[in-house]
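# Remarks on the overall topology
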Amino acid sequence: MTGSGESWLSDGLDDAMGVDRGLWVPGVDYVAGWREAREVADRLNRALLGAGFELSTVRAVASTGEDGRGLVRLAGWLDTVDRLAGLLEQLAGGGGGAA
């Protein structure tokens, strides 16, 4: 699911491991964290597709933290993320908060 060539939504290793911050900690296994995050990001991307969203407008992106733990970022156009927020609010009963 990830890695379809959308440069603004890149999920490659260079972006995932903090290259833009220039922080690499020797001995930290960034790749393992990124792989785990990619599995979860792929699952979320499949769910987004199933809910009618286009991955060119919103997608989950695999990344890692500075400690090597996997994390998933949501990247997308404002109108599409706003639509997703509305859907999640409806599922939460309209209260705007987590149940």
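Now for a look at the structure at hand. (Residues numbered from 1 in each chain as written. Predicted model: local features only at pLDDT ≥ 70, side-chain atom pairs only at ≥ 80, totals over all residues. Heavy atoms only, no water.)

### Quick word on the pairing of strand S2 (residues 70-76)
By the bridge criterion, 7 bridges tie strand S1 (residues 58-64) to S2 in an arrangement that is antiparallel. Residue Val58 lies in a different strand from S2, and its bridge partner there is Gly76. Connecting the antiparallel pair S1 and S2 is a turn made up of 5 residues, with Gly68 showing a positive phi of about 90°. (Pairing = 2+ DSSP bridges. Helix = DSSP H or I, 4+ residues; strand = E, 2+ residues; numbered from the N terminus.)

### Observations concerning the packing of aromatic side chains
For the structure on display, the rule yields 0 aromatic pairs. Its guanidinium or amino end placed over the ring of Phe53, Arg83 lies 4.1 Å from that ring's centre, counting from NZ or CZ. (Phe/Tyr/Trp six-rings, centres within 6.5 Å; stacked < 30°, edge-to-face > 60°. Lys NZ or Arg CZ within 6 Å of the ring centre and 35° of its normal.)

### Quick notes on the side chain of Ser63
Within the secondary structure, Ser63 sits in strand S1. Classification of Ser63 as buried rests on a relative accessible area of 4%. A polar side-chain atom of Ser63 sits 3.4 Å from a polar atom in the side chain of Arg73. (Buried < 20%, exposed > 50% of the residue type's maximum accessible area, 1.4 Å probe, protein only. Polar contact = N/O pair within 3.5 Å; in protein donor to acceptor, adjacent residues only side chain to side chain.)

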